[in-house]
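# Working through the structure, step by step
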Amino acid sequence: MENGKGPAVTAEDLALINGLAKAELTEEQVYVFTLRLCDNEVDRDFERFDSEALERMGELLAGKSGLFDHQWSAREQAARLFRTEVVREPARKTLAGDEYRWLKGWAYLLRTEKNGELIAEIEGGIKKEVSVGCAAGRSVCSVCGAENGGCEHVPGQAYGGELCFRELRDITDAYEWSFVAVPAQRAAGVLKRFGQEREGERTLRKEAELGRKYLKALRREVVRLAMLADDGLDGGVFARAAERLEEPELLELRKAYEVRAAGRFPAPAQLRRRDAAEAEDAEAFRI
């Protein structure tokens, strides 16, 4: 931005803006600024967009309104995107190991008295963090490829030295972009949604989450008993093997290892019988 006026408005930009406006606008009537919408890096939620998702996001966001804090209200509309572009940085790699890419946007707002304060905040670097609202068709586990939470891997944890995260694919919609204080993505921000969830789907999802927690606890218990039953067992190897087992196999293993662990570490007797001599000696202490 130069001289507090924002970047120069090109004839191409003005043509795109007027394609969205109802009245013909002039260069003097619009304020143009650029922003980083989102990228393909793993974010604070341990999720990320794949490269195709970024391209699709750019297509869907063009022409969409800019809001404040994702408040879906006409009164919160502040600006509008008129152009997007995926920027590639080949020298920079993501945590996933691929080329870093980010979605750049060009937005405009009207030069009115009401917008004067917002323009000043954009120029001064106060308003710069943004977040986008979108819907993804699939969420894929980076460790095993399971979709939409259909595995036991926990985002943010490492498995065999590999960070687990969810990759968002098949973007179906992009609703808006917003100025926010703390975006989910470190460089920009993203508010993700996987479509409207019906009551029955919500119940099934909660039941599935409980089932995953139960299996996780069962696997942990089986590993603990196995280590008690066999000193020579490699706990890490056995734990990874247990990740592939389902409830029937885990219950059988738990039963077997409970017996073996009890044999190695029998429970101490809580009470023992006293012999006659002890009983006589004890008489002296009775009141």
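Please refer to the structure placed before this passage.
In this section: the packing of aromatic side chains. Counting across every chain of the model gives three aromatic pairs. Consider the rings of Phe 82 and Tyr 108, whose centres lie 6.2 Å apart with planes at 55°: the pair is tilted. Here Phe 82, found in strand 4 (residues 79–93), pairs with Tyr 108, found in strand 5 (residues 99–110); they are 26 residues apart in sequence, far enough to count as distant. Overall, Phe 82 belongs to the buried group, its relative accessible area being 6%.

Quick look at the pattern of salt bridges now. For the structure shown, the criterion picks out 12 salt bridges. For the salt bridge of Arg 169 with Glu 167, the shortest nitrogen-to-oxygen distance reads 2.8 Å. Exposure remark for Arg 169: the relative accessible area of 26% places this residue in the partly exposed category. The salt bridge involving Arg 224 is made with Glu 221; its shortest N-O contact spans 2.8 Å. Placement of the pair is Arg 224 and Glu 221 together in helix 4 (residues 199–229), with a separation of three residues, close to one helical turn. You can call Arg 224 partly exposed: its relative accessible area is 43%. Overall, the relative accessible area of 26% leaves Glu 221 in the partly exposed class. A cluster of three or more residues bridged by salt bridges with shared partners is formed by Arg 48, Asp 98, Glu 167 and Arg 169.

About the thresholds
- Residues numbered from 1 in each chain as written.
- Predicted model: local features only at pLDDT ≥ 70, side-chain atom pairs only at ≥ 80, totals over all residues.
- Heavy atoms only, no water.
- Phe/Tyr/Trp six-rings, centres within 6.5 Å; stacked < 30°, edge-to-face > 60°.
- Helix = DSSP H or I, 4+ residues; strand = E, 2+ residues; numbered from the N terminus.
- Buried < 20%, exposed > 50% of the residue type's maximum accessible area, 1.4 Å probe, protein only.
- Salt bridge = Lys/Arg side-chain N within 4 Å of Asp/Glu carboxyl O.

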